[in-house]
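Residue strings, one per chain:
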Amino acid sequence: MLRLLKISFLLILMNPAENTHSQSSEDLPPLLHKAVEEVITGKYLNALLDILHFQRTASYGSSNAWTADVVTKVLAYFHAREVKVTLRSLQMSIQSYLMNLSYQPRQLLSTFQQLDEQQFQTAMKYLFNSRKDYLEIGNVILDWDKTRERIFQIPGVNRTLFLVTLEKCFLVLRSMDCVDILSQILRMSTVNYLQPDVVGSLPNDLQEDAFRNLSTVFKDLYDKTSANTQKALYGWMKEILQKPFNRSDFNESTSWVSAENLWILGRYMVHLPLEEILKISLSEIKLFISYDNATKQLDTVYDITPELAQAFLERINSSGFDVRNTSTVYRLGLLVCFYDDMEQMDAAVARALLHQMIKCNQLKGFQAKVQKLKSQLLNIAMQNQTLNDVLGSLSDAVVGLTSRQLESLSPEAVHNAIATLNQVSGWAKSQVMILSSKYLSYEKVLSFYNVSQMGALVAGISTESFYGMNPKELSQVIRGTTSQYSSDLSPAQQQGILRKIASSTDFSSLVTDIQGAFFREISLPDLWKENGYNSSMMKEKELRSSQALYLYELLSKRSSSVDLLSTGQLLKGVTCQMIESMGTDSFLNHFKIFENNLHLLSPYQVNCLAWKFWKVSNASIPPFFFLVLPIEYLEYVSGPLCVPFIESLGKTEMDLLSPSFHKKETVLQKVQECLNGSIADEYDVDLLGNLICHLPPAFLHGRMSLKAVAAALHQFKLCRQLSHEQKTEIKYKLLELYGSPKNWTAETTLDVGPFITQLSKGELNVLSEKFPDIILQIAKTIEPISSAEELLSTVFESVSSGTTNVEPHLTTPDCLGTRAPSSDDIIKLAEANVYWSAQELKCMDAGTFDKSVELLGTVSNFSNSQLMALKEKAKQVWGSLLGWKSYHIVSLGRIALALTESEIEELDLHSIDTISVLSQQAEWTLAQARSILQSFLEDSGQTMSTLKSFDLVGLGTILCALNSTEIMSIRTAEFSAAVARIGLLLCSTPVLRQFKKITESVFGTVSSWNGSVLQEIGTIAGGLNEDELKAFDINLMPYFQPIAIRSIPAEIFQALSPEQIANLGPENAAMVTGSQRERLTAPQLQSLQLALDGARTSTPEAPTTACIPVSRQPPAPGGAPRVSGFSIWLCALLTLACAFLNP
């Protein structure tokens, strides 16, 4: 009987009967009667809300109550209508209705708009104000917490809720409640729905508390908001704040900007016009700056301009606060970055300003101005004192000191200032080398305590010094506070630390304590020495794939799969065989772990997961798996599956799942079909998510509305690899949206951001003249540099136009009349420094070169003649090559590429740390690399046979210049510790073949290698010969590193059998080069395509009919509806239905 009552009640909710009304419903409570009538007319959402309200009033003791009598009356009411239904048809009706409605968040918006006041209040209460984890309706318990969580994850639903709240909430509920609801929606969403047009619909008659609370929400979301929207929100706040000042008795010259209004504006104060700031009452500005909250606020105005900052400083100074008083300086926040009153300044004030200016690196621009100010303050701070005396009081201005100035410091001064120096960021490698050397020369002995005091300067400790430390103290170093700087250490330094720890007799216990990225540097052979691992040890470690493969297999013999899978990084070691061997229940129960860690998995592993899921539960397979299954499986994506498919792909990184260009192209065609051939509005943009980065240019050109473009601009700016063609189409859309750049505002220019690189030179010149600082700010964020040549050229012309010619008395005759870069110019230009001529670089003065050499060494496109000019300038400034120190060589960066072999031989290259920096350049000629190698061996007094593993790691690309005799001289133990790093090098085939030989002395003959070994050795596998390659088991083919596939010569690669090629896996197959492909036979090419498609050799089971939900209603006119999102309350109904049908 209970089951029958449940089914009958479900009929009330779900079955739109079409029989004539034949019975009075007088016996039903009015609200329930209303709900029943709404069911009959198909207003299911309205009905559910009325039923929930009925339930709520029942819980407060009203006459409404869920009694057997009420349910019987409802049942009788429907029986009188002669409604006939089966469980199967009922399930199909529910599924069909929910699936069709899930395509229509726009319809959901319309439905919400039509709710009466009581229904709207009920909806808002249960969505945003209910603290219940479970919802009871009659004797049915709904897991409301999970249902609500799912609701807010659906693309389009949050936007609908946001818009309907703006439209209806302030008319129905208390304004404070509405502000709370808006706050929840905006904070939990990854999309910012605040567009300028939406801001225009914000209420401007809020009560004071509600206005303050909503303003606080907008302040918290400032960085997620576009510049145009920030301006619009400022306008909305201004309109409300101005109201008390709009009365006729107020003088027009009176500013509405009071101290309180400044606090309310918060970061939006940067949008105040200059003339408004200058009108602020001095008493109000004094009141504002006198409170501590003002300092916190001024610490966050990252986008303030120099003009506005100086206007605020002028008003503060005029208000009675002396900005030269150190106590006032500490109140100024980021305003200090633009301090301009330098006349007759006291040294103590200069030091106070420098102390505060450590925050200035957070500014969004103007770093050249900041550096210039720091330099001026530095000179004042040192008045009548030496650098040794004031070093500890200079804050991060010390980063601006030249190597010559740092070299002049005494070890004692560095030791005394270490508490300041260890907190400074932004050091260049050469600077930390000098300061570390000074500090350690004072301390004499390198201990854990000394290292722990050094902070960021730890990166300047030489590899040899680390290797000379006590192993136990080294272990403390990498576990202690110094571990946060481990990413600043070079691979050679990390290897030196680990080799010393590994040499300890207590290595087995120490290795379990090594955490984070350091663990990645432990070699596979070293891991083999210890077998006392357990799954809990792995939770704080980063693993290479080779380590994970070994450890997962080892630990699977002693730990449960639950423990192993929950350790994160160990997922890298899960093989296809392990996935296939998992039981159905175990696989489905643990699948969420895989899904939440897709970024750790290879495309091959994801492909294995997809096949496993297809085998055990194709009816519920996550839609993004269709990206990795063979192309023909996309045929199953149609109709009701379209939207979940797009939603699922939009939340993943497409490039991580499928490296096949052809497959991605096919998938994107399916996406376009599912979108009905267009991106109509912001709802489509919400649905697409990350997919918008992959849409073809033609689709963006003709099928994307301007409304969608406005909503998508922020997402486009997050795309990492847009093609030139995509960027061009986006540019045309932006020109259509915003008009000619001649008419752009500063806010529009900021919002367009990196897409200004697609503008013509003339358009860029216009923007550069109007907003030079904004263009400079954008130019520094552009990658790759090759896509921004016109922009960089425009920036260079703008900056260099103010550069004066070299003074005659300061230069040589050949530089007369030549302009030369200043250090300010070089900081502003960054990559645009490439446009200085070789002659202009040559005419740079010595001080500028000394200050700027590190930055110039990072410019990626200097020509050979420019590099030669800079090298000659270095020789002129630093003197003979024989006298160059390691820090000189390190500071050169790419400039070092101009050194000839004979010049390299003159350098002191005894330090592996110097070599480690040089090896980061990939453009050395073979002759230069040989000179670097020979100089290192000679200067360090070593031979190839005495090199340690950290020497090999530090040599890096220089190892590619070794001959066969030198390679075979390397000690096996040292090679084995460094093999993973060596396996990243792109050396020639003869060199790889020699590396392969020594690799066999570590891991045994090629025939004994397993997947973890192949992952460990990387490109060394490119040295395999034809017979060795042919002999590999097909199950090992996916474990070649992708970079190794490219390293195999085409004539060797062609020896692979079709079966081996078919088992390469998608990622490796995508790495096959054109020359390799040209040599393959038709069967091999067919196998290659199978691997690219993610095909399996066995035939998968056919999909069940449940894989394609049956649609009861046709799609909306014009084709498949575009956007997903289960109706929020009907999502609850589905859960409710399951509760009724499965007691």
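Numbering of residues starts from 1 in every chain and runs along the sequence as written. Local features in this predicted model are restricted to residues whose pLDDT is 70 or higher, and side-chain atom pairs enter the listing and the counts only when it is 80 or higher, whereas totals over whole chains, interfaces and linings include all residues. In computing side-chain properties, one takes all heavy atoms of the structure into account and sets aside hydrogens as well as water.

S.K.: Hey, could you run me through the overall build of the chain in this one?
M.R.: The helix and strand labels rest on DSSP assignments: H or I over at least four residues marks a helix, E over at least two residues marks a strand, and numbering proceeds from the N terminus. When helices and strands are tallied, the chain shows 69 helices and 2 strands. The rule is simple: take the accessible area with a 1.4 Å probe, protein chains only, and divide by the maximum for that residue type; under 20% is buried, over 50% is exposed, in between is partly exposed. The buried share among the 1143 residues of the chain stands at 56%. Computed with a 1.4 Å probe, the accessible areas rest on the Shrake-Rupley method; for each residue, only the protein chains presented here act as cover. By element, 50% of the accessible surface of the chain is carried by carbon and sulfur atoms, the whole surface being about 47300 Å².

S.K.: I'm lost on the packing of helix α29 (residues 471-479) against helix α30 (residues 491-502) in this one. Help?
M.R.: Close contact between α29 and α30 brings their axes to 9 Å; oriented N to C, the two are set at 135°. Relative to α30, the element α29 is oriented oblique. Of the two possible hands of crossing, α29 and α30 adopt the one that is left-handed. Contact with α29, carried on its side by Pro471, Leu474, Ser475 and Ile478, involves Ile497, Lys500 and Ile501 of α30 and no other residues of that element. Grouping the constituent residues of the contact of α29 with α30 by class yields 5 nonpolar, 1 polar and 1 charged. Lines fitted to the C-alpha atoms define the axes, with helices restricted to the stretch that makes contact. Angles between their N-to-C directions range from 0 to 180 degrees. Orientation is classified from the angle alone, with under 35 degrees giving roughly parallel, over 145 giving roughly antiparallel, 65 to 115 giving roughly perpendicular, and any other angle giving oblique. Each helix crossing is assigned a hand: it is left-handed if the near helix lies turned anticlockwise from the far helix by less than a right angle, otherwise right-handed if that turn is clockwise. Contacts are residue-level and defined by heavy atoms, with any inter-residue pair within 4.5 Å sufficient. Each residue gets one of three labels, nonpolar for Ala, Val, Leu, Ile, Met, Phe, Trp, Tyr, Cys and Pro, charged for Asp, Glu, Lys and Arg, and polar for the others, Gly among them.

S.K.: Looking at this structure, I do not really get unusual backbone geometry. What am I missing?
M.R.: Excluding glycine, residues mostly carry a negative phi; peptide bonds, for their part, are mostly trans. Positive phi values are uncommon outside glycine, yet Gln344 reaches one of about 50°. Residue position: Gln344 is located in the loop between α19 (326-329) and α20 (347-356). Residue classification places Gln344 among the exposed positions, given a relative accessible area of 81%. Positive phi outside glycine occurs at Asn384, with the angle close to 60°.

S.K.: Sorry if this is basic, but what is going on with the state of the cysteines here?
M.R.: Where two cysteines share a covalent bond between their sulfur atoms, that bond is called a disulfide. Note on terminology: disulfide denotes any pair of cysteine sulfur atoms within 2.5 Å. This model, assessed by the stated rule, comprises 7 disulfides. Cys576 shares a disulfide with Cys608; S-S distance 1.4 Å. You can see Cys576 sitting in helix α35 (residues 576-581) and its partner Cys608 sitting in helix α37 (residues 603-617), a full 32 residues away along the chain. Both residues of the pair, Cys576 and Cys608, count as buried. Disulfide pairing places Cys815 opposite Cys843 at an S-S distance of 2.0 Å. Between Cys815 and Cys843, the S-S dihedral sits near -90°, and the bridge is therefore left-handed. Placement of Cys815 in the loop between α48 (789-800) and α49 (823-829) and of Cys843 in the loop between α50 (838-842) and α51 (846-856) is noted, with a sequence separation of 28 residues between them.

S.K.: What is the right way to look at the environment of Val953 in this model?
M.R.: Tracing the chain through its elements places Val953 in helix α57 (residues 949-955). Given a relative accessible area of 10%, Val953 falls into the buried group. Distance from Val953 to Phe975, taken between C-alpha atoms, is 9.3 Å for residues 22 residues apart in sequence. Apart from the residues within four sequence positions on either side, Val953 is in contact with Pro491, Ala492, Gln495, Ala978 and Arg981.

S.K.: So what exactly am I meant to see when it comes to empty space enclosed by the protein here?
M.R.: A probe as big as a water molecule, rolled over the atoms, marks out the empty space that is left. A cavity here means a set of points on a 1 Å grid, drawn over the protein atoms and nothing else, where a 1.4 Å probe fits but cannot get out; a pocket is an open set with protein on both sides within 12 Å along at least five of seven lines, and a residue lines either one if it has an atom within 4 Å of a point. Grid points are joined across faces, edges and corners, and a volume is the space filled by probe spheres set on the points. Applying the stated criterion across every chain, the model contains 2 cavities of 30 Å³ or more. What the largest cavity holds in volume is close to 60 Å³. What lines the largest cavity is a set of 10 residues, and nearest its centre among them are Leu498, Arg499, Ala502, Ile522 and Asp526. Split into classes, the residues belonging to the lining of the largest cavity amount to 5 nonpolar, 2 polar and 3 charged.

S.K.: Before we go on, may I ask you to explain helix α10 (residues 175-188) in this structure?
M.R.: Since the α-helix turns once every 3.6 residues, residues separated by three or four places project in the same direction. Over its 14 residues, α10 runs 20 Å from end to end, which matches the ideal 20 Å to within 8%, given 1.5 Å per residue. All of the buried residues along α10 are Ser175, Cys178, Val179, Ile181, Leu182, Ser183, Ile185 and Leu186. Buried-residue contacts for α10 involve α7 (117-129), α9 (157-172) and α12 (208-220). In a helix, the anticipated span is given by 1.5 Å times the number of residues less one.

S.K.: In this structure, what is going on with the environment of Leu377? I would like to understand it.
M.R.: With respect to the helices, strands and loops of the structure, Leu377 is situated in helix α21 (residues 367-381). The exposure class assigned to Leu377 is buried, which follows from its relative accessible area of 0%. Taking the C-alpha atoms as reference points, Leu377 and Ala350, 27 residues apart in sequence, are found 5.3 Å from one another. Aside from chain neighbours lying at most four places away, what touches Leu377 is Met342, Met345, Ala350, Leu353, Leu354 and Met357.

S.K.: Quick question: what am I supposed to make of the environment of Ser503 here?
M.R.: Within the element layout of this structure, Ser503 appears in the loop between α30 and α31 (507-510). Given the relative accessible area of 46%, Ser503 is considered partly exposed. Spatially, the C-alpha atom of Ser503 lies 7.9 Å from that of Pro471, the residues being 32 residues apart in sequence. At 2.5 Å, the side chain of Ser503 and the backbone oxygen of Lys500 are in polar contact. What qualifies as a polar contact is a pair of N or O atoms within 3.5 Å, subject to a donor-acceptor requirement within protein and to the restriction that residues adjacent in sequence count only when both atoms come from side chains.

S.K.: I would appreciate a short explanation of the pattern of salt bridges in the present structure.
M.R.: Pairs can form between side chains of opposite charge once their charged atoms are near each other. For this analysis, a salt bridge means a side-chain nitrogen from Lys or Arg found within 4 Å of a carboxyl oxygen belonging to Asp or Glu. With the rule as written, the count across this model stands at 39 salt bridges. For the salt bridge of Asp681 with Arg106, the shortest nitrogen-to-oxygen distance reads 2.9 Å. One end of the pair, Asp681, is in the loop between α40 (661-674) and α41 (682-688); the other, Arg106, is in helix α6 (residues 105-113), with 575 residues separating them in the sequence. Overall, the relative accessible area of 27% leaves Arg106 in the partly exposed class. The partner of Lys1030 in a salt bridge is Asp1027, with the nearest N and O atoms 4.0 Å apart. With a gap of 3 residues between them, Lys1030 and Asp1027 both fall in helix α62 (residues 1026-1030), about one helical turn apart. Under the relative-accessibility criterion, Lys1030 is labelled partly exposed at 42%. One continuous salt-bridge network, built from bridges that share partners, spans Lys871, Glu872, Lys875 and Glu903.

S.K.: I'm lost on the packing of α10 against α12 in this one. Help?
M.R.: Each pair of packed helices can be described by the angle between their axes along with the distance between the axes. Between α10 and α12, the least distance of the axes is 9 Å, while the angle of their chain directions is 10°. Relative to α12, the element α10 lies roughly parallel. Listed contacts from α12 to Ser175, Met176, Val179, Leu182, Ser183, Leu186 and Arg187 of α10 are Asp209, Ala210, Asn213, Leu214, Val217, Phe218 and Asp220. Of the residues that constitute the contact of α10 with α12, the class distribution is 8 nonpolar, 3 polar and 3 charged.

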